[in-house]
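Given next are the chains, with one letter for each unit.
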Amino acid sequence: MSQPAPTPAGFLAAAPPGTRVVVRYRIDGGFTDALGDLVAGDAGSVTVRTRRAAVVIPLDQVVAAKEVPPAPERRRPRA
């Protein structure tokens, strides 16, 4: 029999730093997503470095999380 899938918070707590992740979490008025590299985590929160900034996400607000493939390389501008 296979092991049950970890909870989203359990996945984030076990993932090594540098893992590229997408995390959906609660905010006032709804939900939002953070896409980027997992920087750090502790018993209560994780930090994800997105393109814009590092986002600290409380684990009790996480509703979904998964590993995603590396970002595609940026295209060079046309001359």
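Residues numbered from 1 in each chain as written. Predicted model: local features only at pLDDT ≥ 70, side-chain atom pairs only at ≥ 80, totals over all residues. Heavy atoms only, no water.

A. Local environment of the overall build of the chain. Of the regular secondary structure elements, the chain holds 1 helix and 5 strands. The secondary structure elements of the chain, listed N-terminal to C-terminal, are α-β-β-β-β-β. Dimensions of the chain along its principal axes, counting C-alpha atoms only, are 55 × 35 × 20 Å. Residues classed as buried in the chain amount to 24% of the 79 residues present. Roughly 6200 Å² of accessible area belongs to the chain as shown, and the carbon and sulfur atoms make up 53% of that amount. (Helix = DSSP H or I, 4+ residues; strand = E, 2+ residues; numbered from the N terminus. Buried < 20%, exposed > 50% of the residue type's maximum accessible area, 1.4 Å probe, protein only. Areas by Shrake-Rupley, 256 points an atom, 1.4 Å probe, with all protein chains shown as cover.)

B. Up close: the pattern of salt bridges. Applying the stated criterion to the full structure yields 1 salt bridge. With its nearest N and O atoms 2.7 Å apart, the salt bridge here joins R24 to D33. According to the relative accessible area criterion, D33 is partly exposed, its value standing at 42%. (Salt bridge = Lys/Arg side-chain N within 4 Å of Asp/Glu carboxyl O.)

C. Geometry of the confidence of the model for the chain. Chain-level pLDDT for the chain is 91 on average; 99% of the residues reach the 70-or-more range. Mean pLDDT across the secondary structure elements of the chain bottoms out at helix α1 (residues 8-14), with 91, and peaks at strand β1 (residues 20-27), with 97. (pLDDT = per-residue confidence, 0-100.)

D. A look at the environment of R74. Residue placement: R74 occurs in the segment after β5 (62-67). Under the relative-accessibility criterion, R74 is labelled exposed at 71%.

E. Seen up close, the pairing of β1. With 8 bridges connecting them, β1 and strand β2 (residues 30-41) associate as antiparallel partners. Along β2, the bridge assignment pairs R20 with D37. Here β1 folds back onto β2 in antiparallel fashion, the turn holding 2 residues, of which G29 has a positive phi close to 90°. Where β1 and β5 come together, 5 bridges link them in antiparallel fashion. Bridged to V22 within β5 is K66. (Pairing = 2+ DSSP bridges.)

F. Region of interest: the environment of Q61. Within the element layout of this structure, Q61 appears in the loop between β4 (54-58) and β5. Taking relative accessible area as the criterion, Q61 reaches 26% and is therefore assigned partly exposed. Ignoring anything within four residues of it in the chain, the contact list for Q61 reads R24, Y25 and R26. (Contact = heavy atoms within 4.5 Å.)

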